[in-house]
Amino acid sequence: MQALQRNQLVWLHDHAWEGLAAQPRDAAAHATISYWQQHRLPLVVCRQAACLPTQRISVGLAAPRSWAASKLALDLAPEDIRTHGEFPSLQQVAHGTPWQPAAQALTEALGTTAHVYGSYGWQHLTGLDYVHAASDIDLHLPVPHMEAAQAVVAQLEAARLPMRIDGELVFAGGHAVAWREYARLLQGQTRSVLVKTRHSLQLADLPTLRALTEAVCSI
């Protein structure tokens, strides 16, 4: 299996669900895990917990906020994972909504495939109620380099979706930066941004961020 990155989805083998269900937890957590197992819903790859052995994989279960156990931190062995994939695209999430034309226009302008995680992504995947009136839409935006990232930011700032757009620019190697923070960095409104990978967090100024992304591209 190829290396997994933050915000990728994983679907588990039955034996993995059985192992998670057998671990000691409170009743609410057991009920949430049972529902996920019965409906064969995915988990999401998270930043690796510092205390976790390197052969394990940190994942999260994100149920609706109204559930008693809405967020669970779990860990898996590579052999627990049956398959992996991505959150739905912006076009998939917008299909049939009044804002589908605006999402289509943004998709065509971005030059990259925007995947939707967070409340809109989970609602699309599960059919459960995650989205409320104040929900942002979180976009996972792969970009090959900083110049492409700047072009994507310009399109996001001009977008006309009815909800606030949040999310991350994800460079090669899995280095992710909140797109709004990146915009402020380019405008000189902040001196550094938080760069996330599956294994680390670090603050980076503009030259450091460029060095990080260019080093991966040159490998």
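Relevant structure appears above.
Residues numbered from 1 in each chain as written. Predicted model: local features only at pLDDT ≥ 70, side-chain atom pairs only at ≥ 80, totals over all residues. Heavy atoms only, no water.

### Thoughts on the side chain of D80
For D80, the location among the structural elements is in the loop between β4 (71–76) and β5 (81–85). Buried charge D80 goes without a salt bridge, the closest partner of opposite sign being R56 at 4.5 Å. At a separation of 2.9 Å, a polar atom in the side chain of D80 contacts the main-chain amide nitrogen of A77. The contacts of D80, once residues within four sequence positions are left out, are W11, L12, H13, H15 and A16. (Helix = DSSP H or I, 4+ residues; strand = E, 2+ residues; numbered from the N terminus. Buried < 20%, exposed > 50% of the residue type's maximum accessible area, 1.4 Å probe, protein only. Lys, Arg positive; Asp, Glu negative; His and termini not counted. Salt bridge = Lys/Arg side-chain N within 4 Å of Asp/Glu carboxyl O. Polar contact = N/O pair within 3.5 Å; in protein donor to acceptor, adjacent residues only side chain to side chain. Contact = heavy atoms within 4.5 Å.)

### Considering the nonpolar core
Ranked by size, the top nonpolar core spans 36 residues in total, and within it W99, I137 and L169 carry the most contacts. When contributions to this core are tallied by element, the ones reaching two or more residues are α3 (90–94), α4 (100–110), β7 (137–142), α6 (146–158), β8 (165–170), α7 (179–186), β10 (193–196) and α8 (206–217). When residues in this core are grouped by element, the largest group, six residues, is from α6. (Core = buried A, V, L, I, M, F, W, Y, C linked by side-chain atoms within 4.5 Å.)

### Some remarks on the environment of V152
Inspection of the secondary structure assignment puts V152 in helix α6. Looking at V152, the relative accessible area reads 3%, which means it is buried. Sequence separation between V152 and Q187 is 35 residues, and the spatial gap between their C-alpha atoms is 15 Å. When residues no more than four places from it in sequence are discounted, the contact partners of V152 are L110, T112, L141, V143 and L169.

### A word on helix α1 (residues 14–22)
Inspection of α1 places A16, W17 and L20 among the buried residues, and these make up the whole buried set. Seen from one end, α1 has its buried residues packed into an arc of 100°, which puts them on one side. Buried residues along α1 sit in contact with β1 (9–12), α2 (27–38), β2 (43–45) and β4. (Arc of directions from axis to C-beta.)

### Comments concerning the environment of I57
Residue placement: I57 occurs in strand β3 (residues 57–62). The class for I57 is buried, based on a relative accessible area of 6%. Taking the C-alpha atoms as reference points, I57 and A77, 20 residues apart in sequence, are found 6.2 Å from one another. Excluding residues within four positions of it along the chain, I57 makes contact with L4, V45, Q48, L52, L74, D75, L76, P78, I81 and R198.

Without other data, these values stay purely geometric and don't point to any function.
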